Amino acid sequence: MKKAAHPLATPFRHALEALDRVTAEAVFANALEQLSPLQAVEQVVVPALEAVGAAWHDGNVALSQVYMSGRFCEEIVDRVLPPSDPDRKHQPRSAIVVLSDYHLLGKRIVYSVMRASGFELFDYGRMDVDELVERVLADRIRVLLISVLILPSALKVKEACRRLKTADPALKILVGGAPFLFDPQLWQEVGADATGASAADAVAIVERWMGEMQ
Amino acid sequence: MSAMNSMQRTLTALGQQEPDCVPLFLLTSLHGAKELGLSIEQYFSRAEQVADGQLRLLEKYRSDCLYAFYYAAIETEAWGGTTLFLPDGPPLCGAPVITRPEHIDTLRTPSVADAEPLQRVLESIRQMKARVGDTVPIIAVAVAPFSLPVMQMGFDKYIELIYQDRPRFERLMALNIEFTVAWANAQLDAGATAICYFDPVSSTTNIPRELYLQTGQEVAKRTLPRIKGPTATHMASGRCLPILADIAATGTAVVGVSVLEDLAELKAAANKRVSLLGNLNGVEMRRWTADDAERAVKQAIAQAAAGGGFILSDNHGEIPWQVPDDVLLAIRAAADKWGRYPLDWVRDWKPPA
Ligand code: B12
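Note on numbering: residues in each chain are counted from 1, in written sequence order. As a convention, the first chain written is A and the first ligand written is 1, with the rest following in written order. Whole-chain, interface and lining totals are the exception, using all residues; otherwise, since this is a predicted model, local features are given only for residues with pLDDT of at least 70 and side-chain atom pairs are given and counted only at 80 or more.

K.L.:
So what's going on with the domain arrangement of chain A? Residues and values would help.
P.N.:
All names here are of chain A. Domain parsing of chain A yields domain 1 (9–80) and domain 2 (94–213). The domain limits used here are those given by an automatic or database domain assignment. Taking only C-alpha atoms into account, the centre of domain 1 sits 24 Å from that of domain 2. Contact between residues is assigned whenever the C-beta positions, reconstructed from backbone atoms, fall within 7 Å. Counting residues at the interface gives 17 residues for domain 1, matched by 13 residues for domain 2. The way it works is that DSSP assigns letters per residue, a run of H or I at least four long becomes a helix, a run of E at least two long becomes a strand, and they are numbered from the N terminus. Elements with a contribution of two residues or more to the side of domain 1 that touches domain 2: helix 3 (37–57) and helix 4 (63–80). Broken down by element, the side of domain 1 that touches domain 2 gets its largest block of residues, 10 residues, from helix 3. Here the term charged refers only to Asp, Glu, Lys and Arg, the term nonpolar to Ala, Val, Leu, Ile, Met, Phe, Trp, Tyr, Cys and Pro, and the term polar to all other amino acids, Gly among them. Counted by class, the side of domain 1 that touches domain 2 contains 10 nonpolar, three polar and four charged residues.

What follows is the structure, encoded as structure tokens:
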């Protein structure tokens, strides 16, 4: 689905970074005059969010901007592409969870940006390993996103991956959160398939996996 | 034989002079429980255990400070919050005490004197002080009024409050400032040498500079001058290079900096206005070899220690439970080997490719 960004993606992104809702709404309305809702999402919203996420990673944009723009885009996308819309991506069953921690913001940002990019995924909230393994298998999840905040939780991902992969070797697991940012080898140590530093990474990686799964 | 004790070494470095060797602050808190063979929850339940644990760690690792920090959530306990204890990690705050923004309207600042958990910390400080006097700095912690709300109400609700409800944000800051000032001063009165002011929400990782100038910096300017002792502002491994001068302008003496930024650039930006504390990667430390430890220590010293104004430490202000003794001892050994002033070897040191 990697479509070229529409020229409106740039002013849209600037409006997001400035948290200027009025301008962002106006730019998006302008996009809808030229594009279908799905195209407007794919060519304006997604590239803008990706750019915001990349700028966060480079230290040029702050998390509060990523969060507020993700929330806002999620709203816009829900309005023009309701969850049941057939144009919402045809995609493997996916879910996102916070493992063991009581820190939901990282997950919430990733979830918003994924949904704003047209993905549908289950939000499992916060779970411990046993509950997670049970739910993922019962829901026949193909792609699982795990977010953590503290190191002990990151280390628990290991047991989750081992049990899940034993039951379903085809399941893809993407991990993220501060411990994975600070130790670039940790995702491999815990047996995940990949890690991402930002919500934009999550979108790019899941998209790549979807391509490989088809 | 060292020419200086830990206090002299630290004060000399903070005075932008070269002491006998680079001060090393190994900020271990949870490791005290291991030392005493107690669970983390048991350990923090009695003031004398924490004092004893700290003194044992001091002897073992020969750090240049004692660390009076229990865990961040102990402050929210004073506001009516709960703490969740883990067997193998830092205690975490439980459910938010502010569940709706309107709660802020009727919220009151709790008194430090009435908060048993805070009194326990004060007692630990008094006991440490009785043992070391003025020879070893005792570092205490106060979470910044601007960062505390993440635990009081949740990070998402707090970001929304900052952007969407300034009057309530202002009221919460006013309440929190009173708390932080009272808490910090109580710890200084009990014998703490300095206050580590944890303010990672101000980090450019979390908010843009323009917003920092209106919020986190403004709050720090209203808080720090009322704290009757030196402060170190810690970003808890968040980034701060673009706001380093702005942080210095709050009157703080030290800034705790992240491994995510270049220490040499930070040192240049600090420009002798503030000292730096950092920036070893605590999360990665868990799997360091002695060689890794030596390389990291050498790099930090080479990038920031010349001329003083630098304290070697981890980049978060707390070393994770999972970091083994061998690594901490290897850090100590490397600091002994490479940290002696004058740092003649630094001229020939090359950053790793
Ligand atoms: C701000 C901060 C604080 C604040 C607020 C913390 C909070 N959220 O509760 C305060 C001062 C209160 C604090 C306290 C503590 N902190 Co703190 N804190 C930070 C800091 C600087 C940012 C954390 C944060 O909330 N960021 C915002 C969120 C949204 O970012 P995020 O979760 O990383 O998510 C982003 C990406 O990681 C990614 N992502 C997240 N999930 C996923 C999932 C997938 C699949 C993908 C692809 C991507 C992805 O996308 C997100 C958006 O871009 C980090 C260090 C850092 N630079 O990250 C330390 C850090 C999280 N803290 C840490 C610790 C230990 C603590 C304490 C436990 C200390 C203590 N002993 O008391 C307490 C716990 C507080 C509590 N809740 O009880 C450690 C945790 C690691 C460890 N050592 O175990 C860190 C990593 C510091 C470090 N380098 O060691 N902290």
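K.L.:
With reference to specific residues and values, describe unusual backbone geometry.
P.N.:
Residues and elements named next belong to chain B. The omega torsion of the bond from Gly278 to Asn279 falls at -20°, within 30 degrees of zero and hence cis. A cis geometry characterises the amide bond from Tyr341 onward to Pro342, with omega recorded as -5°. In this structure, Arg62 takes a positive phi of about 50° despite not being glycine. Looking at where Arg62 falls in the secondary structure, it is placed in the loop between helix 4 (47–61) and strand 2 (66–67). A tally of 16 C-beta atoms within 10 Å means that Arg62 is categorised as partly exposed. The backbone of Ser237 shows a phi angle near 80°, a positive value even though the residue is not glycine. Among the structural elements, Ser237 can be located in the loop between strand 7 (231–234) and helix 13 (244–248). Three exposure classes are used. Buried residues have 20 or more other C-beta atoms within 10 Å of their own C-beta, exposed residues have 12 or fewer, and partly exposed residues fall in between, all C-beta atoms being placed from the backbone. Residue class for Ser237 comes out buried when judged on the 27 C-beta atoms lying within 10 Å of it.

K.L.:
So what about the environment of Asp292 of chain B? Which residues, and what values?
P.N.:
Relative to the helices and strands, Asp292 of chain B is located in helix 16 (residues 290–304). C-alpha of Asp292 of chain B to C-alpha of Ile331 of chain B: the two residues are 39 residues apart in sequence and 9.3 Å apart in space.

K.L.:
Lay out the site of the ligand with the relevant residues and their values.
P.N.:
In this analysis a residue is considered near a molecule or strand if the C-beta atom, reconstructed from its backbone, is found within 6 Å of that molecule or strand. Near the ligand, the surroundings consist of 51 residues, among which Gly106, Ser147, Gly176 and Gly196 of chain A together with Pro90 of chain B are the closest. The site occupied by the ligand is bordered by residues of chains A and B. Here the element with the most residues in the shell around the ligand is helix 5 (residues 105–116) of chain A; it accounts for five residues. For the shell around the ligand, a count of residues per class yields 34 nonpolar, 14 polar and three charged. Two domains each put at least three residues into the shell around the ligand: domain 1 (9–80) and domain 2 (94–213) of chain A.

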